[in-house]
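# Results of the structural survey
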Amino acid sequence: MSPYPTPSHFFRFSRRRLWLWSYVSLLGALINLLVLQLPLLAPLLLGNTAFLVLLLRLGPAWGLACFAVVTLPFLGAWLWWLSLAEFCLVFLAWRLGQQKIGHLYLCCWPLLAAAVVLYQLWLGAGIGFALLISGVLALGGVLNLFGSKMILNVAIGKGQSQHQPLAEQLAGRITVFSAVPALVLILAALHAYVIWDLSKRHEQLIRLEQHFLNYSANQLQQFRAAVKQAALSYSRQPDAGVLTDLLAMQPHFISTAIVDVVGDVTDYRIRTGEQLQGPVNVADRAYFQQLKLKPVGSYVSDAYVGRGLGHDLLFAVSAPMLSVQQEFRGIVQASVLLSSLIQQLQPAEASPNMRAVLLDNQDQLIWSVPSSEAYGRSFRIGADLLPGKLVFASSWLSPDGGIQLNQPGRSFIRQHQTDDGWLLLLQYRLDSVLLGYNVLTLMVILLAILALWLLNRSSFYVVRLYTRPLKQLIQSIQRLELQQQAPFCDLSDRVSGLEVQQLFEAYNAMVVRLHQAGSRLEELNSSLEQRVRQRTEELQTERDRATELAEVKSRFLATMSHELRTPLTAIIGYTEQLLRQQKQESSQHDQLQVIARNSRYLLDVVNDILDAAKLEEGKLTMVRQPVALAALLQDLCSDVNKLAKSKKLQLEVVIADDIPAWLLLDPQRVRQILLNLLSNAIKFTEQGKVVLRASRLSAHRLLVEVSDTGIGMSMEQLEKIFSAFEQADSGTSRKYGGTGLGLHISYQLAELMQGELSVSSSLGQGSHFRLELPLVEPEAEQLAKQQSLQPLSWQVPVLQGQVLVVDDVADIRLLVADLLEQSGLTVTQAENGEQATQLAQQQRYDLILMDMNMPVLDGAEATRRLRQVGLQLPILALTADVLPEDKAVFLQAGCNEVLTKPIDPPELYQMVQQYLQGQPKVEAKPDKAQATIKRIEALKQSYLQQLPAQLQQLQAFVAKQDEAQILGLLHRIKGTAGSFGLAAISQCAARLEQQQKKGQHITAEDCEALAALMQSA
């Protein structure tokens, strides 16, 4: 049995599960808080063990909830997606049946390692670096695997702990409760070391930034102050000596100039003593334009190449000259050689991993560390200098605000914008540093795995010293036998504790008590054997006496049955003869009917008592044979129809179309049960109706229901309704009579036929009885043998009148016409409803037999038209549709009755006789019936010769998938074959018709099955 939950246990909840989930989830979240989230640093995802353990122990719902808590520290990072992939792969492997955690990791980690390699290569790491990170993660997965196994051994349920050795449980608990704090401390130490080391390296970058800012700010401030002072002096007293003084004051200035209001250089000094060649205008320079627009303060320009000063990069410091009215009169400008300033900005020492870049407002490179880059060129800021993720922002070991990584995540950077708009970019490359961190992480993982394994093995060895005495005690208990002297257990040479010593002493005391109990048990055994022999002899005597009484009862019942049946037969026979003579007075006739009715009632009571006795003794046997269920139910309704009409009750019979025509049943017992149910339903119903319904409950169960609108029963009455000699109450017995044996016998007979009889009822609302029986179709040989035994004799009445027979199938028309003509009726035939309406309006008919399913015009519409023109003659519907809703449609169209196919001659004659009662008729002659039977047999042979042609038509329609033609032909075969007694063919056609109506197209195999039945017929 697997120790892990199955998918049916996804969402089971308990307080113990909630506590376990809370503890493991919070512990996993705490461990993941210590994970170093650097893009090129392999993380120790030991916290993910939490949701993997809960997934395997409690199911996916708990595991997913734990995943949401444990991965909160990773939210938005690539580690979150890695954890999600790990969870999904383990869950998928678990759903596919891999219940062992080792197999789950083997399923998921190769895929995860490959995905990490691709991700690192996408970040720009080398193949070796990516493989190193994947290897660290894989070893981390092994550590997760080991930790998961230990936690699962600790977090097992009560049922699983009973199948696990105590030494393994205790060793696992010791390892888990010792290893978890140790691992947390190791991760915290690794976390602190990495942050501390990165912070130190970050401080180097900050010192370089401060060095630049302090020196550059001081120099620029001096430059601004000197130029502003010179501009102020020149504004008060124009003197070209100001330019000479300015060069002497600031050695970094290589030239100074006075520029008038239109940008012309009016005076100029250069440190080399050279003079300008011709007039110079600087109106296009930014240092002139900015101060002309806003003559306030001073201005430091971007780098440029001076005019007449060579090709070295310069930058200008300028200040405005203002009049007394504060009007702009020009500027004083000093040029600074960029190379002289750069030499002063270079730090004394810098790490080879550091890089610094200074850009002016036009993104020209004017300073860098190291100084190997060309100055003055346009500098493009790449991804390695653009800000990316901010890390360690909340760590107490990191600098304020955290450490800013670049976009690839392989360096940390700083940016600073000077007052003059110059941009300072600083970078510290971490490739070699991260490589060292990954190696350190790898060593930590290996040491942690080794430490956990050693801790687990040593714990197991220590615990086993204390569990060995328990094994010795278990072996002693297993050898216990009451017939022998139980062994004592000695603990003198075992390492143990007080509790184990007490357990051994209790065991030895129990052994002493067992010895005493064994002696007592032997004494009781000898006494018990004597009592058993005495009681066995008494039971044998009682059994013989009961057998003798049963034989006396059987002989008594047999004698009483013979003695009662003999006079009852004579009484009933002579009473019926007297009633047929019809010479008595009315009072004598009524008295004879009372005698006949009470005699039959007494005979029924005798039969019920005998049946109850046979059932009780198990002597009643079932005889299964092919039975035409529809005919059986119709016969039953005919038997009770007179009684129902006498109480003005409506009796309905509903037979589902999917029930086979022939079933294997015991007709006598089924008839006995249903006759009892129908008689009771009519007896206890004063108004309303009684419904007999047969349907197919399942593929192998038949359901027959009898419902009424009678007096109903209460819950108390229902509890004892199937008991022997029980009725609803004494009032019911007095009012309706009965012995209370009918339903008891019916219930027993249903069970004997492997069926079930049940009832539901409400007081005042009627009752509903359900009879379930096995639905078994007879084999072809059984059906043929039974059909050969069916009696084909009936009496043909002699009638007079004009009858119109309407059917689109010629064989049916000939059959019905022949039957009616044998009784003396004049028959006219029509092929469809259109011809029938024309003939009925042209000639007077006493009766119309109308098929309902015909081309051109169907029978229902033809009946409506005849009723609309005022014809009120009787119209009997002929149809193979037996569903109640179909019959309701035909009656609503104007039909008087519905005759179902296959046609039963006695039923046909009875119905025709009922509607031709006003016509004179004479006694029927049996010889006419025999002649009719011969004619029907001749028609049957003629129909058999037409079957191959009909089969070819069906195959052609099936090939074309002509649904309307298929349904019409199957409907005709169903009705015609059934009317000629070809039940198997009719049943097959009915099944195929229902199949086609449900949208399941008929295949060539179905046609072959029908062809085989036609050939066998």
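Being a predicted model, the structure only gives us computed values, none of them experimental.

### Observations regarding the overall build of the chain
Each helix and strand counted, the chain has 29 helices and 26 strands in total. The buried share of the chain, taken over its 1017 residues, is 46%. Of all intrachain contacts in the chain linking residues separated by at least 6 positions in sequence, the fraction that spans at least 24 positions is 66%. Carbon and sulfur atoms provide 55% of the accessible area of the chain, an area that totals close to 53000 Å².

### Notes on the sheet that holds strand S24 (residues 875-879)
The sheet built from 5 strands is open, its strands ordered S22-S21-S23-S24-S25 with parallel pairing. Both edges of this open sheet fall to strand S22 (826-830) and strand S25 (897-900), since each of them pairs with a single strand only. Adjacent strand axes in the sheet meet at a mean angle of 20°, parallel and antiparallel pairs treated alike. Where S24 and S25 come together, 4 bridges link them in parallel fashion. Note on S25: the bridge partner recorded for Ala877 is Val898. Set on the sheet, helix H21 (residues 810-822) makes contact with strand S21 (802-806), S22, strand S23 (847-851) and S24; between it and S22 the angle comes to about 170°. Strands in contact with helix H22 (residues 833-842) are S21, S22 and S23; relative to S22, the strand with the most contacts, it is inclined by about 135°.

### Some words on H21
The first and last C-alpha atoms of H21 sit 18 Å apart over 13 residues, in line with the 18 Å expected at 1.5 Å per residue. Of all 13 residues in H21, 10 are buried, a share of seventy percent or more. Taken residue by residue, H21 has Asp811, Ile812, Arg813, Leu815, Val816, Ala817, Asp818, Leu819, Leu820 and Gln822 as its buried positions.

### A word on the pairing of strand S8 (residues 365-369)
Counting buried positions along S8 yields 5 of 5 residues, so the element is predominantly enclosed. Where strand S7 (residues 354-359) hands over to S8, the hairpin turn is made up of 5 residues, of which Asp363 adopts a positive phi near 55°.

### Quick look at unusual backbone geometry
Although it is not a glycine, Asp363 sits at a positive phi angle of roughly 55°. Mapped onto the secondary structure, Asp363 falls in the loop between S7 and S8. With a phi close to 60°, Gln754 is a non-glycine residue in the positive phi region. Mapped onto the elements of the fold, Gln754 is located in the loop between helix H19 (742-752) and strand S18 (756-762).

### Observations concerning the nonpolar core
Counting 53 residues, the largest nonpolar core has Phe315, Val332 and Trp367 as its most contacted members. Here the element with the most residues in this core is helix H8 (residues 166-236); it accounts for 15 residues. Within the second largest apolar cluster, 44 residues are counted, among which are Leu663, Ile682, Val690 and Leu749.

### So, the packing of helix H2 (residues 49-58) against helix H3 (residues 60-70)
Look at H2 against H3: their axes get within 7 Å of each other, and the N-to-C directions meet at 170°. Classified by the angle between their axes, H2 and H3 sit roughly antiparallel to one another. Note on packing geometry: the crossing formed by H2 with H3 is right-handed. For the pair formed by H2 and H3, the contact residues are Ala50, Phe51, Leu54, Leu55 and Leu58 on the first element and Pro60, Trp62, Gly63, Cys66, Phe67 and Val70 on the second. Taken together, the residues of the contact of H2 with H3 sort by class into 10 nonpolar, 1 polar and no charged.

### Observations regarding the UniProt feature "modified residue: Phosphohistidine" (unreviewed entry) in the chain
UniProt records the feature "modified residue: Phosphohistidine" (unreviewed entry) for His971 in the present numbering. Note on placement: His971 falls in helix H27 (residues 963-979).

### Overview of the pattern of salt bridges
For the coordinates displayed, the defined rule picks out 15 salt bridges. The closest approach of N and O atoms between Glu523 and Arg520, which form a salt bridge, is 3.1 Å. Taken together, the residues span about one helical turn, with Glu523 and Arg520 both in helix H13 (residues 498-581) at a distance of 3 residues. Classification of Glu523 by relative accessible area gives partly exposed; the value is 47%. The closest approach of N and O atoms between Glu861 and Arg865, which form a salt bridge, is 3.8 Å. You can see Glu861 and its partner Arg865 sitting in helix H23 (residues 859-868), 4 residues apart, about one turn around the helix. Look at Glu861 and you get partly exposed, because its relative accessible area is 28%. Several salt bridges converge on common partners, so that one network encompasses Arg701, Glu705, Arg770 and Glu772.

### Digging into the packing of aromatic side chains
Applying the stated criterion across every chain yields a total of 7 aromatic pairs. Taken together, a centroid distance of 6.0 Å and an interplanar angle of 65° make the contact between Phe288 and Phe328 edge-to-face. Of this pair, Phe288 sits in helix H10 (residues 286-293) while Phe328 sits in strand S6 (residues 328-337), placing them 40 residues apart in sequence. Here the two residues Phe288 and Phe328 agree in accessibility, since each one is buried. Aromatic ring contacts, followed pair by pair, group Phe67, Trp80 and Trp81 into a single cluster.

Rules used in this analysis
- Residues numbered from 1 in each chain as written.
- Predicted model: local features only at pLDDT ≥ 70, side-chain atom pairs only at ≥ 80, totals over all residues.
- Heavy atoms only, no water.
- Helix = DSSP H or I, 4+ residues; strand = E, 2+ residues; numbered from the N terminus.
- Buried < 20%, exposed > 50% of the residue type's maximum accessible area, 1.4 Å probe, protein only.
- Contact = heavy atoms within 4.5 Å.
- Areas by Shrake-Rupley, 256 points an atom, 1.4 Å probe, with all protein chains shown as cover.
- Pairing = 2+ DSSP bridges.
- Axes fitted to C-alpha atoms, helices over the stretch in contact; angles between N-to-C directions.
- Expected span 1.5 Å × (residues − 1).
- Core = buried A, V, L, I, M, F, W, Y, C linked by side-chain atoms within 4.5 Å.
- Parallel < 35°, antiparallel > 145°, perpendicular 65-115°, else oblique.
- Left-handed = near helix turned anticlockwise from the far one by under 90°.
- Nonpolar A, V, L, I, M, F, W, Y, C, P; charged D, E, K, R; others polar.
- UniProt positions renumbered as here; feature names shortened; annotations may be inferred.
- Salt bridge = Lys/Arg side-chain N within 4 Å of Asp/Glu carboxyl O.
- Phe/Tyr/Trp six-rings, centres within 6.5 Å; stacked < 30°, edge-to-face > 60°.

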